[in-house]
Amino acid sequence: AQSVTQLGSHVSVSEGALVLLRCNYSSSVPPYLFWYVQYPNQGLQLLLKYTSAATLVKGINGFEAEFKKSETSFHLTKPSAHMSDAAEYFCAVSDSTGNKLVFGAGTILRVKS
Amino acid sequence: DTAVSQTPKYLVTQMGNDKSIKCEQNLGHDTMYWYKQDSKKFLKIMFSYNNKELIINETVPNRFSPKSPDKAHLNLHINSLELGDSAVYFCASSLGLENTEAFFGQGTRLTVV
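If you're wondering where the values come from, they're calculated on a predicted model, not measured in any experiment.

## Things to note about the pattern of salt bridges
Opposite charge on two side chains makes pairing possible when the charged atoms of those side chains draw close.
Thinking step 1. A complete count under the given rule lists 7 salt bridges over all chains for this structure.
Thinking step 2. One salt bridge in this structure joins Asp85(A) and Lys78(A), with 2.8 Å as the shortest N-O distance.
Thinking step 3. Here Arg63(B) ties to Asp85(B) by a salt bridge, and the two come within 2.8 Å at their closest N and O atoms. Note that Arg63(B) is positioned in the loop between strand 6 (53–57) and strand 7 (64–70) and Asp85(B) in the loop between strand 8 (73–78) and strand 9 (87–94), a separation of 22 residues in sequence.
Thinking step 4. Arg63(B) gets classed as buried once you look at its relative accessible area, which sits at 14%.
Thinking step 5. When salt bridges that share partners are traced, they join Arg63(B), Glu82(B) and Asp85(B) into one network.

Structure (structure tokens):
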């Protein structure tokens, strides 16, 4: 069985500060890992994904994430937060069959001016 | 131009009613999904279909019946609605079973009163 834990249901940063959203996964098979973003009243948009290639994955809007097998982590980072980054972020894991995504509980990112 | 579109966007109905949510994707994908997001924003897969065939049914009550008339459509019919069915329902699609990049619709907010 696979599972995802996102540490911190709410994260608040100042505009221009580093964004760090934490995600730890559990998987009995090599995982595929994803970060999705959900803006208010909208669907989920894929930010980036790890599918067993490079461990440092770059996504859209300046976000990136690093797969660390030893730590079972896939934390999302962005060097400088922008007001438009305020949203809810979901980490998800899938096995290689891709039949389903298992999501974490989400982290709401607030950006202060 | 919307890749994955769901209708209606909002649905308010009384307990005991039967309702349907429609989903269409114009991406040419073979696999479609229904996810449920509860009041705590927890996202969980309900069903997946590949080429109109049911692949995943995640122990969803049989009051929920998905129907896929063709690869581009996956509708969700719910009988005898209950208060606990209130949630946001997301449709998604992916290229195939082994391509895990899922594209999500904007969601249907169902409120049962």
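Still more ground to cover, so stick around.
## Focus on the state of the cysteines
Residue and element names in this part refer to chain A.
Thinking step 1. Tallying each qualifying case throughout the model produces 2 disulfides over all chains.
Thinking step 2. A sulfur-sulfur distance of 1.9 Å marks the disulfide that ties Cys23 to Cys91. Residues Cys23 and Cys91 are joined by a disulfide whose S-S torsion is about -65°; by sign, that bridge is left-handed. Here Cys23, found in strand 3 (residues 19–26), pairs with Cys91, found in strand 9 (residues 87–94); they are 68 residues apart in sequence, far enough to count as distant. Taken individually, Cys23 and Cys91 each receive the classification buried, so the pair is uniform in this respect.

## A look at the nonpolar core
One broad trend across soluble globular proteins is that nonpolar side chains are buried collectively.
Thinking step 1. Trp35(A), Leu48(A), Phe74(A), Leu76(A) and Tyr89(A) are the most contacted members of the largest nonpolar core, which has 27 residues in total.
Thinking step 2. Broken down by secondary-structure element, the contributors of at least two residues to this core are strand 2 (10–14), strand 3, strand 4 (32–38), strand 5 (44–50), strand 7 (64–68), strand 8 (73–78), strand 9 and strand 11 (107–112) of chain A.
Thinking step 3. With near-sequence residues (within four places) excluded, Tyr89(A) lies in contact with Gln6(A), Leu21(A), Trp35(A), Tyr36(A), Val37(A), Leu47(A), Phe63(A), Leu76(A), Gly106(A), Thr107(A) and Leu109(A).
Thinking step 4. Among the nonpolar cores identified, the runner-up in size contains 20 residues, and Leu11(B), Phe64(B), Tyr89(B) and Cys91(B) belong to it.

## What about the packing of aromatic side chains?
How two aromatic rings sit relative to each other is set out by the distance from centre to centre and by the angle between their planes.
Thinking step 1. A full pass over the atoms with the stated rule returns 14 aromatic pairs over all chains.
Thinking step 2. Considering the side-chain rings of Tyr50(A) and Phe74(A), the 6.3 Å spacing of their centres and the 50° angle between planes classify their relative orientation as tilted. With Tyr50(A) in strand 5 and Phe74(A) in strand 8, this pair connects stretches of sequence that are 24 residues apart. Neither residue differs from the other here; Tyr50(A) and Phe74(A) are each classed as buried.
Thinking step 3. Judged by centre distance (6.3 Å) and plane angle (35°), the rings of Phe64(B) and Tyr89(B) are tilted. Taken together, the residues Phe64(B) in strand 7 and Tyr89(B) in strand 9 connect sequence positions 25 residues apart.

## Concerning the sheet that holds strand 6 (residues 56–58) of chain A
All names here are of chain A.
Thinking step 1. The antiparallel open sheet is built from 5 strands, whose spatial order is 1-3-8-7-6. Of all the strands in the sheet, the pair left with one neighbour each is strand 1 (3–7) and strand 6. Direction aside, the axes of adjacent strands within the sheet are offset by 20° on average.
Thinking step 2. Taken together, the 5 bridges between strand 7 and strand 8 define a ladder with antiparallel strand orientation. Bridge pairing links Lys68 to Ser73 in strand 8.

## Section: the pairing of strand 5 (residues 43–50) of chain B
Residue and element names in this part refer to chain B.
Thinking step 1. For strand 5, the tally of buried residues reaches 7 of 8 residues, placing the bulk of the element in the interior.
Thinking step 2. As paired elements, strand 4 (residues 31–37) and strand 5 share 7 bridges and run antiparallel to each other. Across the sheet, Tyr35 pairs through a bridge with Ile45, a residue of strand 5.
Thinking step 3. From the end of strand 4 to the start of strand 5, which pair antiparallel, there are 5 residues, and Lys41 there has a positive phi angle of about 70°.
Thinking step 4. Taking the residues that link successive antiparallel strands as the turn, the strand 5-strand 6 hairpin has 2 residues, and the phi of Asn51 there is positive, at about 50°.

Quick notes on the rules
- Residues numbered from 1 in each chain as written.
- Chains lettered and ligands numbered in written order.
- Predicted model: local features only at pLDDT ≥ 70, side-chain atom pairs only at ≥ 80, totals over all residues.
- Heavy atoms only, no water.
- Salt bridge = Lys/Arg side-chain N within 4 Å of Asp/Glu carboxyl O.
- Helix = DSSP H or I, 4+ residues; strand = E, 2+ residues; numbered from the N terminus.
- Buried < 20%, exposed > 50% of the residue type's maximum accessible area, 1.4 Å probe, protein only.
- Disulfide = S-S within 2.5 Å.
- Core = buried A, V, L, I, M, F, W, Y, C linked by side-chain atoms within 4.5 Å.
- Contact = heavy atoms within 4.5 Å.
- Phe/Tyr/Trp six-rings, centres within 6.5 Å; stacked < 30°, edge-to-face > 60°.
- Pairing = 2+ DSSP bridges.
- Axes fitted to C-alpha atoms, helices over the stretch in contact; angles between N-to-C directions.

That's the geometry; what it means functionally is another story.
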